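Remarks on the overall topology
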Amino acid sequence: MSVSAFHKAFKDIIADSPLQYLKRIRLSRAKDLIIQKRMKAYLAADEVGYESPFQFSREFKRYLGQSLADVMREVREIQWPDACCMEEGASQKRNMA
């Protein structure tokens, strides 16, 4: 199979070129690292093979449709409810005593 035939077949099946597909996979992995492991964006970029944080940021927005700032905001929102609930529980215990 020629390179061009492979490219066409891949795009017909996956709806992305091989390079676009690889970028989307790498960026999704980086997003998972940022959210699940609370990894800094520049470290996640390096982990998935981006040398330039600026290129990573541009492609993150282009391929995932969400800016890094939005993802970091999500991470903070995930952390805050736990802290709020713990404070509420502590204040309720103090009120009961």
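For the structure itself, consult the block above.
Below you will find a few notes about this structure. (Residues numbered from 1 in each chain as written. Predicted model: local features only at pLDDT ≥ 70, side-chain atom pairs only at ≥ 80, totals over all residues. Heavy atoms only, no water.)

It is worth spelling out the overall build of the chain at this point. In terms of regular secondary structure, the chain is built from five helices and zero strands. When the helices and strands of the chain are read in sequence order from the N terminus, they spell out α-α-α-α-α. Each of the 97 residues in the chain was classed as buried or not, and the buried ones make up 24%. If you take every contact in the chain between residues at least 6 apart in sequence, the share linking residues at least 24 apart comes to 45%. Summed over its atoms, the accessible surface of the chain is roughly 7,200 Å², and 57% of this surface lies on carbon and sulfur atoms. (Helix = DSSP H or I, 4+ residues; strand = E, 2+ residues; numbered from the N terminus. Buried < 20%, exposed > 50% of the residue type's maximum accessible area, 1.4 Å probe, protein only. Contact = heavy atoms within 4.5 Å. Areas by Shrake-Rupley, 256 points an atom, 1.4 Å probe, with all protein chains shown as cover.)

It is worth spelling out helix H2 (residues 18-36) at this point. Counted at 1.5 Å a residue, the expected span for H2 with its 19 residues is 27 Å, and the 27 Å between its end C-alpha atoms agrees. Buried residues of H2: Lys-23, Leu-27, Ala-30, Leu-33, Ile-34 and Ile-35, and no others. Following H2 by one or two positions, Arg-38 has its phi on the positive side, about 55°. (Expected span 1.5 Å × (residues − 1).)

What follows deals with the packing of aromatic side chains. Applying the stated criterion to the full structure yields four aromatic pairs. Centroid distance Phe-6 to Phe-10: 5.7 Å. Interplanar angle 45°. Geometry classified as tilted. Here Phe-10 and Phe-6 lie together in helix H1 (residues 3-14), a separation of four residues that amounts to about one turn. Taking the relative accessible area as the measure of exposure, Phe-6 reaches 41% and is therefore partly exposed. (Phe/Tyr/Trp six-rings, centres within 6.5 Å; stacked < 30°, edge-to-face > 60°.)

It is worth spelling out the environment of Glu-74 at this point. Its place among the elements puts Glu-74 in helix H5 (residues 68-96). Distance in space between the C-alpha atoms of Glu-74 and Ile-35 is 7.9 Å, their sequence separation being 39 residues. Ignoring sequence-local partners within four residues, the contact set of Glu-74 consists of Ile-35 and Gln-66. Polar contacts involving the side chain of Glu-74 include one to the side chain of Gln-66, which spans 2.4 Å. (Polar contact = N/O pair within 3.5 Å; in protein donor to acceptor, adjacent residues only side chain to side chain.)

Moving on to the nonpolar core. Formed by 16 residues in total, the largest nonpolar core has its most connected members in Leu-27, Ile-34, Val-48, Tyr-50, Phe-56, Phe-60 and Leu-68. Listing elements by their share of this core, those giving two or more residues are H2, helix H3 (41-47), helix H4 (53-64) and H5. In terms of residue count, H2 provides more of this core than any other element does, five residues in total. For Leu-27, the contacting residues outside a window of four places in its chain are Tyr-50, Phe-56, Glu-59, Phe-60, Tyr-63 and Leu-64. (Core = buried A, V, L, I, M, F, W, Y, C linked by side-chain atoms within 4.5 Å.)

This paragraph deals with the packing of H2 against H4. Where H2 meets H4, the axes come as close as 10 Å, and the angle between the chain directions of the two elements is 105°. With respect to each other, H2 and H4 are oriented roughly perpendicular. Here Gln-20, Lys-23, Arg-24, Leu-27, Ser-28, Ala-30 and Lys-31 of H2 lie close against H4, whose contacting residues are Phe-56, Glu-59, Phe-60, Tyr-63 and Leu-64. Here the contact of H2 with H4 is composed, by residue class, of six nonpolar, two polar and four charged. (Axes fitted to C-alpha atoms, helices over the stretch in contact; angles between N-to-C directions. Parallel < 35°, antiparallel > 145°, perpendicular 65-115°, else oblique. Nonpolar A, V, L, I, M, F, W, Y, C, P; charged D, E, K, R; others polar.)

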